[in-house]
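# Chains, contacts and geometry: an overview
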Amino acid sequence: QWTVLSVCLILFNKWLMQYGGFPYPLTLVSLHMFSSTLICLSLRACGVITPSLEPSQVARFVLPVGLLFALCLASGNEVFLFLSVAF
């Protein structure tokens with residue numbers, strides 16, 4: 001299921017940036033990260049998830065991983081402007 005969803009998302013991003021008239025990979029990643037943050041905050045506000053890390057631990061451990069993940073997404077989306085999808 002996750003593989004199919006991933007393939008669909010890759011193909012949609014490729015279409016969106018090449019043919020859909022939205023060649024802005026950094027904006028696309030920003031929207032992705034913003035929506036992920038909103039979903040997590042909503043789940044936390046509803047009590048579905050509870051934080052188990054102190055703010056200093058979040059800044060030390062989670063923030064660097066999040067920034068590197070955003071960089072990975074941005075560079076991956078930027079590639080869609082220049083290369084074709086292999087599948």
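Given the structure is predicted, the values throughout are model-derived calculations rather than measurements.

## A few points about the overall build of the protein chain
- Within the protein chain, the regular secondary structure consists of three helices and zero strands.
- A globule of 87 residues ought to have a C-alpha radius of gyration of about 12 Å, yet the protein chain, at 16 Å, is considerably larger.
- Dimensions of the protein chain along its principal axes, counting C-alpha atoms only, are 45 × 25 × 20 Å.
- The proportion of buried residues among the 87 residues of the protein chain is 14%.
- Total accessible area on the protein chain stands at roughly 6900 Å², and carbon and sulfur atoms take up 73% of it.

## Things to note about the confidence of the model for the protein chain
- Within the protein chain, residue pLDDT values average 87, and 98% of them lie at 70 or more.
- The least confident element of the protein chain is helix 1 (residues 2-18), whose mean pLDDT is 87; the most confident is helix 2 (residues 25-45), at 90.

## Digging into the environment of Ala70
- Positionally, Ala70 belongs in helix 3 (residues 55-79).
- Here the alpha-carbon distance between Ala70 and Leu81, two residues 11 residues apart in the chain, equals 17 Å.
- In this view, Ala70 contacts Val29 and Met33; residues no more than four positions away in its chain are not counted.

## A short note on helix 3
- Helix length check: helix 3, at 25 residues, gives a terminal C-alpha distance of 34 Å against a target of 36 Å (1.5 Å per residue), a fit within 8%.
- At Val62, helix 3 is deflected by roughly 40°, the largest bend along its length, and proline Pro64 occurs up to four residues later in sequence.
- Those residues of helix 3 that sit buried are Ala70, Ala74 and Asn77.
- In the core, the buried residues of helix 3 are packed alongside helix 1 and helix 2.

Reading the values: the criteria
- Residues numbered from 1 in each chain as written.
- Predicted model: local features only at pLDDT ≥ 70, side-chain atom pairs only at ≥ 80, totals over all residues.
- Heavy atoms only, no water.
- Helix = DSSP H or I, 4+ residues; strand = E, 2+ residues; numbered from the N terminus.
- Rg over C-alpha atoms; globule rule 2.2 N^0.38 Å.
- Buried < 20%, exposed > 50% of the residue type's maximum accessible area, 1.4 Å probe, protein only.
- Areas by Shrake-Rupley, 256 points an atom, 1.4 Å probe, with all protein chains shown as cover.
- pLDDT = per-residue confidence, 0-100.
- Contact = heavy atoms within 4.5 Å.
- Expected span 1.5 Å × (residues − 1).
- Bend = angle between axes of the 7 residues up to and from the residue.

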